[in-house]
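# Understanding the architecture of this molecule
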Amino acid sequence: RKRSAEEAGELDPQLRLLRIALFSAESETASQNRLNLAFEVSGAASRAGDYRLARRAIDLAVLDANTIAPTDLDQLASLKIYKARIALDQGDFTTAEASATAANRIFEEIAAPAANRAIAEATLARAIAARGDVERARAIGLGAAARTEGADGVRGHPARIVHAELARAEVAAGDLEAARAHFRAALAIDELDYEPDRVLLAAVREEHAALDRPPSDSRGAAAAEAGTETP
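What counts and what doesn't
- Residues numbered from 1 in each chain as written.
- Predicted model: local features only at pLDDT ≥ 70, side-chain atom pairs only at ≥ 80, totals over all residues.
- Heavy atoms only, no water.
- Helix = DSSP H or I, 4+ residues; strand = E, 2+ residues; numbered from the N terminus.
- Contact = heavy atoms within 4.5 Å.
- Salt bridge = Lys/Arg side-chain N within 4 Å of Asp/Glu carboxyl O.
- Buried < 20%, exposed > 50% of the residue type's maximum accessible area, 1.4 Å probe, protein only.
- Core = buried A, V, L, I, M, F, W, Y, C linked by side-chain atoms within 4.5 Å.

## Digging into the environment of Ala159
- Looking at where Ala159 falls in the secondary structure, it is placed in helix α9 (residues 156–173).
- Each C-alpha atom of the pair Ala159 and Ala185 lies 8.9 Å from the other, and the pair is 26 residues apart in sequence.
- The residues touching Ala159, leaving out its near neighbours within four places in the chain, are Thr148, Val154 and Ile189.

## With respect to the pattern of salt bridges
- In this structure the tally under the stated criterion is 21 salt bridges.
- Here Arg55 and Asp92 are joined by a salt bridge, their closest N and O atoms 3.2 Å apart. Here Arg55 is found in helix α4 (residues 51–68), whereas its partner Asp92 is found in the loop between α5 (73–90) and α6 (93–109), with 37 residues between them in sequence.
- With a closest N to O distance of 3.6 Å, Arg138 and Asp175 form a salt bridge. Here the residue Arg138 occupies a position in helix α8 (residues 134–146), and Asp175 occupies one in the loop between α9 and α10 (176–187), the gap between them amounting to 37 residues.
- Exposure remark for Arg138: the relative accessible area of 29% places this residue in the partly exposed category.
- Residue Asp175 is classed as partly exposed on the basis of its relative accessible area of 28%.
- Within the structure, one salt-bridge network assembled from shared partners comprises Asp89, Arg126, Glu165, Arg168 and Glu207.

## Some details on the nonpolar core
- Counting 57 residues, the largest nonpolar core has Leu22, Val41, Leu79, Ile81, Val162 and Leu166 as its most contacted members.
- Broken down by element, the residue count for this core peaks at 9 residues, all from helix α7 (residues 114–130).
- Excluding its chain neighbours within four sequence positions, the residues that come into contact with Leu79 are Leu35, Phe39, Ile58, Ala61, Val62 and Ala65.

Pasting the structure below:
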């Protein structure tokens, strides 16, 4: 059904079912099952470009995480990064910066793995750049980029997320050459047999190509990735 819908240019039929499931679950009490459902819906909706539904779902997931597992700081911070990235896709830069800032503080507090820290920093850099504080955004972005370097640097899908977010930050800052460099770094990473990575890779290709189109032909940024195992 999903393949047929894609070929016909229609929404994934699964998303309609997930929407119904989410709306039904909202009347229930907080639970791990509801959190998992809300997270699944946020990822599917983000990949389909339905950011309103994605935001509604991730807000519920964050609420449930605070209610049922307030001491699971890694989970809470990861959800806040997803929320920040969805807010960025909505153009809600204030919420994006606040959520990414909170996530970075938590990851620093718990000494989170480098991949989580790099994604959180790159997301915050993009949010800050979108709000116009270019110098601060670049300072944070340099730290995120440094985590992808060297023999022990962040690799694979997390590294693609980092470079994609930093490229978008540079687009917001108006430095298209720096954006191209990050897009190229994101494209140079081997593709994974993993739907969120395929969606992200397609978005990066589109956004990279859009930089070289005349303004009247630019289609803007493609749908962002979501639904990853790391934030």
